[in-house]
Amino acid sequence: MPVIEEKPQVRCAGCEGLFASNQVVALKGKSYCATCKENVLEDLKAGVSSDGLELASVGSRLVAQLIDGLIVGLPVIAIVIGMTGTMSDDKGLVGQILPNLIISLPFLLYAGFMLTAMGGRTIGKKVMKLRVVQVDGSEGTGAHFWKREAARWVLGLIPFIGLVDYLMAFGKGRRTLHDKMGGTIVVRTG
């Protein structure tokens, strides 16, 4: 009698059915049958993550950033205007770098502290019903948030790279470079 070799069975992450290993495909580290694979691909095209989370639109992220920019920016601008007379005379390297650091550092501190204290939200993100989470959809940690914001801060100090960082939000998965460096995504919560 010939021996029939059975192929190991794999559980589909979508429907939880059992399938032969050659009847499933791996997407984002999970196995899916042919039917569920199509659903996952359609969700990705529609901007819904594989965990069912709705990815934040570029427009909502921009509005949240503008709100946060006003919260931090107005006091910073007042301080810089008060210091303008002392900094404008210095044309050396310090005179060029110091204003950028003075202006940008409060944004880093605000975003890092707020995201950590408010579970992935800043005031702007809360108003826009957005949250920063880990790529798998689980709640982010202070380490994720600070890494993300430090990356955004450094990238923003480099001419042209800061713009490229933000333009990446228009790409697949709507993730900026600082999102990728922080291991995060921005999702809609309401």
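Residues numbered from 1 in each chain as written. Predicted model: local features only at pLDDT ≥ 70, side-chain atom pairs only at ≥ 80, totals over all residues. Heavy atoms only, no water.

Asks: Can you break down the pattern of salt bridges residue by residue, with the values?
Replies: Scanning the model with the defined rule gives four salt bridges in all. With a closest N to O distance of 2.7 Å, Asp179 and Arg61 form a salt bridge. Note that Asp179 is positioned in helix α7 (residues 177-182) and Arg61 in helix α2 (residues 58-88), a separation of 118 residues in sequence. The class of Asp179 is buried, set by a relative accessible area of 0%. For Arg61, a relative accessible area of 14% corresponds to the buried category. For Glu149, the salt bridge identified is with Arg148, shortest N-O distance 2.6 Å. No difference in accessibility class separates Glu149 from Arg148, as the two residues are buried. Each member of the salt-bridge network shares a partner with another, and the members are Arg61, Arg148, Glu149, Arg152 and Asp179. (Salt bridge = Lys/Arg side-chain N within 4 Å of Asp/Glu carboxyl O. Helix = DSSP H or I, 4+ residues; strand = E, 2+ residues; numbered from the N terminus. Buried < 20%, exposed > 50% of the residue type's maximum accessible area, 1.4 Å probe, protein only.)

Asks: So what about the side chain of Glu149? Which residues, and what values?
Replies: Inspection of the secondary structure puts Glu149 in helix α5 (residues 142-157). Taking relative accessible area as the criterion, Glu149 reaches 3% and is therefore assigned buried. For Glu149, the side chain forms a polar contact with the side chain of Arg152, separated by 2.7 Å. Look past the residues within four positions of Glu149 in its chain and what remains in contact with it is Leu108, Ala111, Gly112 and Leu115. (Polar contact = N/O pair within 3.5 Å; in protein donor to acceptor, adjacent residues only side chain to side chain. Contact = heavy atoms within 4.5 Å.)

Asks: Can you break down α5 residue by residue, with the values?
Replies: In this model, α5 (16 residues) spans 22 Å end to end at C-alpha, consistent with the 22 Å of a helix rising 1.5 Å per residue. Within α5, the full set of buried residues consists of Phe145, Arg148, Glu149, Ala151, Arg152 and Leu155. The buried residues of α5 all sit within an arc of 155° when viewed along its axis, so they share a single face. Pointing more than 90 degrees away from the buried face of α5 are the exposed residues Ala143 and Lys147. (Expected span 1.5 Å × (residues − 1). Arc of directions from axis to C-beta.)

No statement about biological role is implied by the geometric values presented.
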